[in-house]
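Topology and contacts: notes
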Amino acid sequence: MTTTPPVKPYAFPPGVRLHVSAEYQAVFKGARRLTSPHMRLHAHVRAEATVPRLGVTVSKKVDKRAVGRNRIKRVAREFFRHEMACLPPGDYVLLVQPGAKLLSNSEIRAQLVPLFERARSLKPAPPPGTMPASPGASERPASDS
């Protein structure tokens, strides 16, 4: 008899991650930018999204060693797992800027706090289109000319 493993309260399953370049580019194209001294959060809150999803980018300019880049990503993902329930559904990309490798884990969290607090208050982007539907437009009679 096999049993399923218990669900972790702060899990980070593949469904809450950004995976491909096209998803990242869509966020960069339609997102609000929130900044801190060593990080920039691109937040694309969408009405049709069901859950908040995160992508983290840490380039080699930040730290040449993979161990250092992975430490920053791990701290950011852990912070996001705890904040996920409070965030509006949408896509979030965290860009880490040079100089962040000198920060301790608690300093990284301290810079993430104001970014995600501001992201909580964001409203969904309006649906794409040229003009909003006018009320009663379907009730007007067609012209006879």
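Let me sum up the structure you'll find in this document. Keep in mind that what you see is a predicted model, and the values were worked out from it rather than measured. Starting afresh in each chain, residues are numbered from 1 along the sequence in its written order. Whole-chain, interface and lining totals are the exception, using all residues; otherwise, since this is a predicted model, local features are given only for residues with pLDDT of at least 70 and side-chain atom pairs are given and counted only at 80 or more. Calculated side-chain values reflect all of the structure's heavy atoms, with hydrogen atoms and water omitted.

**Focus: the packing of aromatic side chains**
Here is the rule: rings of Phe, Tyr and Trp (six-membered ring for Trp) pair when centre to centre is within 6.5 Å. Planes less than 30 degrees apart are stacked, more than 60 are edge-to-face, and the remainder are tilted. Counted according to the given criterion, the structure contains four aromatic pairs. With 6.3 Å between their ring centres and 55° between their planes, Phe 80 and Tyr 92 make a pair best called tilted. On the criterion of sequence distance, the pair formed by Phe 80 in helix H2 (residues 66–83) and Tyr 92 in strand E4 (residues 90–96) is long-range, its members being twelve residues apart. The pair Phe 80 / Tyr 92 is uniform in exposure class, with both members buried. By the ring-pair criterion, three or more aromatic residues cluster together here, those being Phe 79, Phe 80, Tyr 92 and Phe 116. Strands are runs of DSSP state E lasting at least 2 residues, helices are runs of H or I lasting at least 4, and numbering of each runs from the N terminus. Categorising residues by exposure relies on relative accessible area from a 1.4 Å probe, with only protein chains included: less than 20% of the type maximum marks a residue as buried, more than 50% marks it as exposed, and the intermediate range marks it as partly exposed.

**Brief notes about the pattern of salt bridges**
Here a salt bridge means any side-chain nitrogen of Lys or Arg lying within 4 Å of a carboxyl oxygen belonging to Asp or Glu. In total, this model carries five salt bridges according to the counting rule given. Between Arg 53 and Glu 23 there is a salt bridge; the shortest N-O distance is 3.4 Å. With Arg 53 in strand E3 (residues 52–58) and Glu 23 in helix H1 (residues 21–30), the pair connects residues that are 30 residues apart, well separated along the chain. A relative accessible area of 17% places Arg 53 in the buried class. When its relative accessible area of 22% is taken as the criterion, Glu 23 is described as partly exposed. With a shortest N-O distance of 3.3 Å, Asp 91 and Arg 46 are connected by a salt bridge. Of the two residues, Asp 91 sits in strand E4 while Arg 46 sits in the loop between strand E2 (39–45) and E3, which places them 45 residues apart along the sequence. Given a relative accessible area of 22%, Arg 46 falls into the partly exposed group. Shared partners join several salt bridges into a network, and the residues in it are Glu 23, Arg 46, Glu 48, Arg 53 and Asp 91.

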